[in-house]
Amino acid sequence: MPRYLTVAAAQLGPVLRDEPRESVVKRLIALLEQGKKAGCELVVFPEMALTTFFPRWYMANKAETDEFFERAMPNDRTQPLFEAAARLGVGFYLGYCEMFEEGGRTRRFNSAVLVDQKGRIIGKYRKVHVPGNRVYDPKLPYQHMEPYYFEDGDLGFPVWQAFGTTVGMAICNDRRWPETYRVMALKGAELIVLGFNSPSQLPDWPDQNVFRVQHHLVCMQAAAYQNGLWIVASSKAGREEGVDMMGHSCIVAPSSDVVAVTQGLGDELIAYRCDLDLAPYYKSFFGFEQNRRPEHYGIITQMQRQRLAAQ
Ligand code: ING
């Protein structure tokens with residue numbers, strides 16, 4: 001019996017610093033309704049979908065960023081989105097900034113939740129690869145200070161049985177790391193959903209800027225093929241607080257084909273009816289169980305990152 005899942009990337013245009021959560025949630029619900037009309041069972045929203053991408057700024061007093069964090073999920077401001085999911089029978093992935101108190105200290109993560117078609121949270125993921133600078137660099141026209149604001153994700157790369165398949169989550173920079181996909185594929189994932197906020201220009205890597213779209217796509221196309229995965233990537237795009245953010249939200253097949261891609265830089269939904277059986281088909285081409293040679297791969301898990309002194 002063939003297995004199909006109709007899924008969408010729901011791209012958001014800019015979210016400005018002073019846009020109220022209620023207004024953003026209305027935009028998300030409008031996209032969820034578009035997804036319903038397109039026959040979707042699952043809609044993927046961007047990373048940090050509820051707020052502007054504040055790590056582009058340096059704030060000496062981190063408490064100034066508290067306004068961008070959610071202390072619970074759902075909460076009063078996001079509950080309408082969860083209710084809409086149940087009303088429409090459409091699940092979603094939502095990237096957001098997670099904050100909570102634990103053991104007398106404040107924890108801050110760049111997180112995402114996977115929500116089912118009844119509006120219930122299936123799972124949570126915390127961004128493992130947190131890129132950018134811990135220290136303010138006044139020479140740059142804008143910052144990328146995620147490591148200053150967020151801890152490294154501490155939940156690993158879990159996968160969940162949901163939507164008739166096995167689903168894993170990732171966030172933005174995670175999509176550039178082959179380990180992200182391999183770990184989840186070895187756990188049986190057939191679908192990876194991820195949100196991203198990627199500046200069109202990286203001020204501290206200017207030579208790469210002409211390759212931004214190519215680098216964005218090639219990571220996911222290679223991973224989809226090498227791991228037998230459907231990948232859905234959804235952007236926060238457009239000129240957001242003076243910084244141009246990439247669009248190119250897309251859906252990538254296990255063949256590595258980009259089967260759908262957004263054309264604009266605003267709120268835009270792209271949907272695709274995925275043949276889930278392409279995932280096991282491409283996995284069988286590689287034959288992970290019989291053909292991988294982990295006895296030669298040890299260095300991948302042995303080299304430890306030099307732990308930078310906590311700022
Ligand atoms: N990182 C962005 C990404 O596209 C980036 C941009 C890359 C920032 C490398 C710093 C270093 O991966 C996010 N938002 O994770």
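Refer to the preceding data block for the structure.
The structure reproduced in this document is the subject of the present report.

Definitions and cut-offs
- Residues numbered from 1 in each chain as written.
- Predicted model: local features only at pLDDT ≥ 70, side-chain atom pairs only at ≥ 80, totals over all residues.
- Heavy atoms only, no water.
- Phe/Tyr/Trp six-rings, centres within 6.5 Å; stacked < 30°, edge-to-face > 60°.
- Helix = DSSP H or I, 4+ residues; strand = E, 2+ residues; numbered from the N terminus.
- Buried < 20%, exposed > 50% of the residue type's maximum accessible area, 1.4 Å probe, protein only.
- Near = heavy atom within 4 Å.
- Polar contact = N/O pair within 3.5 Å; in protein donor to acceptor, adjacent residues only side chain to side chain.
- Areas by Shrake-Rupley, 256 points an atom, 1.4 Å probe, with all protein chains shown as cover.
- Nonpolar A, V, L, I, M, F, W, Y, C, P; charged D, E, K, R; others polar.
- Pairing = 2+ DSSP bridges.
- Axes fitted to C-alpha atoms, helices over the stretch in contact; angles between N-to-C directions.
- Contact = heavy atoms within 4.5 Å.
- Parallel < 35°, antiparallel > 145°, perpendicular 65-115°, else oblique.
- Left-handed = near helix turned anticlockwise from the far one by under 90°.
- Salt bridge = Lys/Arg side-chain N within 4 Å of Asp/Glu carboxyl O.

### A word on the packing of aromatic side chains
All told, the structure shown has 18 aromatic pairs when counted by the stated rule. Measuring from centroid to centroid gives 4.7 Å for Phe 54 and Phe 68, while their planes differ by 10°, and the two rings are stacked. Highlighted residues: Phe 54 in the loop between strand 2 (42–44) and helix 2 (79–88) and Phe 68 in the loop between strand 2 and helix 2, separated in sequence by 14 residues. Pair check on accessibility: Phe 54 and Phe 68 agree, each one buried. Taking the centre distance of 5.2 Å and the plane angle of 65° together, the rings of Tyr 225 and Phe 286 count as edge-to-face.

### Observations regarding the site of the ligand
As a structural note, the neighbourhood of the ligand is formed by 15 residues, with Lys 127, Cys 172, Asn 173, Arg 176 and Ser 198 the closest of them. Within the side chain of Arg 175, an N or O atom sits 3.4 Å from an oxygen atom of the ligand. In the environment of the ligand, an oxygen atom lies 2.6 Å from a nitrogen or oxygen atom belonging to the side chain of Ser 198. Compared with its free state, where it exposes 370 Å², the ligand has 90% of that area covered by protein. Here the residues of the shell around the ligand sort into 4 nonpolar, 5 polar and 6 charged.

### Digging into the sheet that holds strand 5 (residues 121–126)
Strand order in the open sheet formed by 6 strands is 5-4-3-2-1-14, with mixed pairing between adjacent strands. Of all the strands in the sheet, the pair left with one neighbour each is strand 5 and strand 14 (268–275). When strand polarity is set aside, the average angle formed by the axes of neighbouring strands in this sheet is 35°. Its contacts with the sheet put helix 1 (residues 21–37) on strand 1 (4–11), strand 2, strand 3 (91–102) and strand 14, and the angle it makes with strand 14 is roughly 40°.

### Topic: the environment of Ile 29
Summarising the element assignment, Ile 29 is placed in helix 1. The exposure class of Ile 29 is buried, given its relative accessible area of 15%. Considered as a pair, Ile 29 and Leu 88 are 59 residues apart in the sequence and their alpha carbons are 9.9 Å apart.

### Thoughts on the packing of helix 4 (residues 178–186) against helix 5 (residues 212–227)
With their axes 10 Å apart at the nearest point, helix 4 and helix 5 run at an angle of 25° to one another. One element, helix 4, and the other, helix 5, form an angle in the roughly parallel class. Here helix 4 runs over helix 5; the crossing is right-handed. Taking contact as the criterion, the partners of Tyr 181, Arg 182 and Ala 185 in helix 4 are, on helix 5, Cys 219, Met 220, Ala 223, Gln 226 and Asn 227. In terms of residue class, the contact of helix 4 with helix 5 is built from 5 nonpolar, 2 polar and 1 charged.

### Considerations on the pattern of salt bridges
For the structure on display, the rule yields 23 salt bridges. The partner of Arg 21 in a salt bridge is Glu 70, with the nearest N and O atoms 2.6 Å apart. Here Glu 70 lies in the loop between strand 2 and helix 2 and Arg 21 lies in helix 1, a separation of 49 residues in the sequence. Residue class for Arg 21 comes out buried when judged on its relative accessible area of 8%. Salt-bridge contacts for Arg 71 lead to Glu 101; the nearest nitrogen and oxygen are separated by 3.5 Å. Residue Arg 71 is located in the loop between strand 2 and helix 2, and its partner Glu 101 is located in strand 3; the two are separated by 30 residues in the primary sequence. Given a relative accessible area of 53%, Arg 71 falls into the exposed group.

Everything listed is a geometric property; what it means functionally is a separate question.
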